[in-house]
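Fold and contact review
Residues per chain are reported as follows:
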Amino acid sequence: MMLLAIEQGNTNTMFAIHDGQSWIAQWRSATESTRTADEYVVWLSQLLSMQGLGFRAIDACIISSVVPQSIFNLRNLSRRYLNVEPLVIGENAKLGVDVRIEKPSEAGADRLVNAVGANMVYPGPLIVIDSGTATTFDIVAADGAFEGGIIAPGINLSMQALHEAAAKLPRIAIQRPARVVGKDTVGAMQSGVFWGYIALIEGLITRIKAERAEPMTVVATGGVASLFEGATDSIDHFDPDLTIRGLLEIHRRNTISET
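Summarised in this report is the structure supplied together with it.

**Considerations on the sheet that holds strand 3 (residues 23-30)**
- Taken together, the 5 strands give an open sheet; going across it, the order is 3-2-1-4-5, and neighbouring strands pair in mixed fashion. Since the sheet does not close on itself, it has two edges, and those belong to strand 3 and strand 5 (87-88), each with one partner.

Here it is in structure tokens:
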């Protein structure tokens, strides 16, 4: 089996290849909701050729997207160029996970995939923090069920809003400042963004644990999560592979159910 896994967020889209044994390639591109299947294939074919691969080698595809208008084009990419009907999270893919919220259809594809990926490795119940365009805090029960969560603005989104709304505040890079109290504008902004998000994370974890009244393992993933490593003791594990592990497991579950 050669699997193409596509995980699309609001900011970036990841394409990863699994050869049945391990992940052999991963690429990221900026998410553009209007990009067509033909445009995707031109970009992806060049990257595949650099790995000595071609579209004919790929015989399976799974798609997770939080951008509904892009799913049509990603599905066409799989159908037209891979000759494969893709598994799409939220459509024809069976997750094998109970979704214990009032409106299960509202649970984001990325959040459910993360729940599967986290439950495979870590003992529940879990708090899964995904730092992307939004910062989400999701609860995974001991039996692997998705039990809701919290959605907050992502750190990049907050930084962008600060720059755009205040004329004198520059666009800055996200990094851990040397001190909490800034001595200039950039230092003050970096502290507010970085330590502000640490305080957000620590505060919400404390409140979730108090509300649940049970020990919980905290796992962080997402493009920005690595910035927080070493800055807080509230996060037990940093796992950049949570989402693709979940996609691989969901593909496995659906393949088994078909046989």
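**Some thoughts on the sheet that holds strand 6 (residues 126-131)**
- Read across the sheet, 5 strands follow the order 8-7-6-9-10 without closing on themselves; strand pairing throughout is mixed. Edge positions in the sheet fall to strand 8 (146-153) and strand 10 (237-238), since each has one partner strand and no second.
- Where strand 6 meets strand 7 (residues 134-140), 6 bridges bridge the pair, whose relative direction is antiparallel. Among the inter-strand pairings, Ile127 is bridged to a residue of strand 7, identified as Ile139.
- Running at roughly 20 degrees to strand 7, helix 5 (residues 185-212) makes contact with strand 6, strand 7, strand 8 and strand 9 (217-221) of the sheet.

**Points about the pairing of strand 7**
- Of all the 7 residues making up strand 7, 6 are buried; the element is thus mostly covered by neighbouring parts of the structure.
- Hairpin connection, strand 6 to strand 7: the antiparallel pair is bridged by 2 residues.
- With 6 bridges connecting them, strand 7 and strand 8 associate as antiparallel partners. The residue bridging Thr135 from the neighbouring strand is Ala152, located in strand 8.
- With antiparallel pairing between neighbouring strands as the criterion, strand 7 and strand 8 make up a hairpin whose turn holds 5 residues, including Gly144 at a positive phi of roughly 95 degrees.

**Remarks on the packing of aromatic side chains**
- Inspection of the entire model under this criterion finds 5 aromatic pairs.
- With 4.9 Å between their ring centres and 85 degrees between their planes, Phe194 and Trp195 make a pair best called edge-to-face.
- By relative accessible area, which is 0% here, Phe194 ends up buried.
- Taking the relative accessible area as the measure of exposure, Trp195 reaches 22% and is therefore partly exposed.
- Cluster of aromatic residues (ring-pair linked, three or more members): Phe15, Tyr40 and Trp43.

**Here's the deal with the side chain of Thr135**
- Along the chain, Thr135 turns up in strand 7.
- By relative accessible area, which is 2% here, Thr135 ends up buried.

**Overview of helix 2 (residues 68-82)**
- Spanning 15 residues, helix 2 covers 21 Å between terminal C-alpha atoms, matching the ideal 21 Å at 1.5 Å per step.
- Residues of helix 2 that are buried include every one of Ser70, Ile71, Asn73, Leu74, Arg75, Asn76, Leu77, Ser78 and Leu82, and no others.
- Where helix 2 is buried, its residues touch strand 1 (3-8), strand 2 (12-18), helix 1 (37-50), strand 4 (60-65) and strand 5.
- Phi for Asn83, located one or two positions after helix 2, is positive at around 55 degrees.

Cut-off values and rules
- Residues numbered from 1 in each chain as written.
- Predicted model: local features only at pLDDT ≥ 70, side-chain atom pairs only at ≥ 80, totals over all residues.
- Heavy atoms only, no water.
- Pairing = 2+ DSSP bridges.
- Helix = DSSP H or I, 4+ residues; strand = E, 2+ residues; numbered from the N terminus.
- Contact = heavy atoms within 4.5 Å.
- Axes fitted to C-alpha atoms, helices over the stretch in contact; angles between N-to-C directions.
- Buried < 20%, exposed > 50% of the residue type's maximum accessible area, 1.4 Å probe, protein only.
- Phe/Tyr/Trp six-rings, centres within 6.5 Å; stacked < 30°, edge-to-face > 60°.
- Expected span 1.5 Å × (residues − 1).

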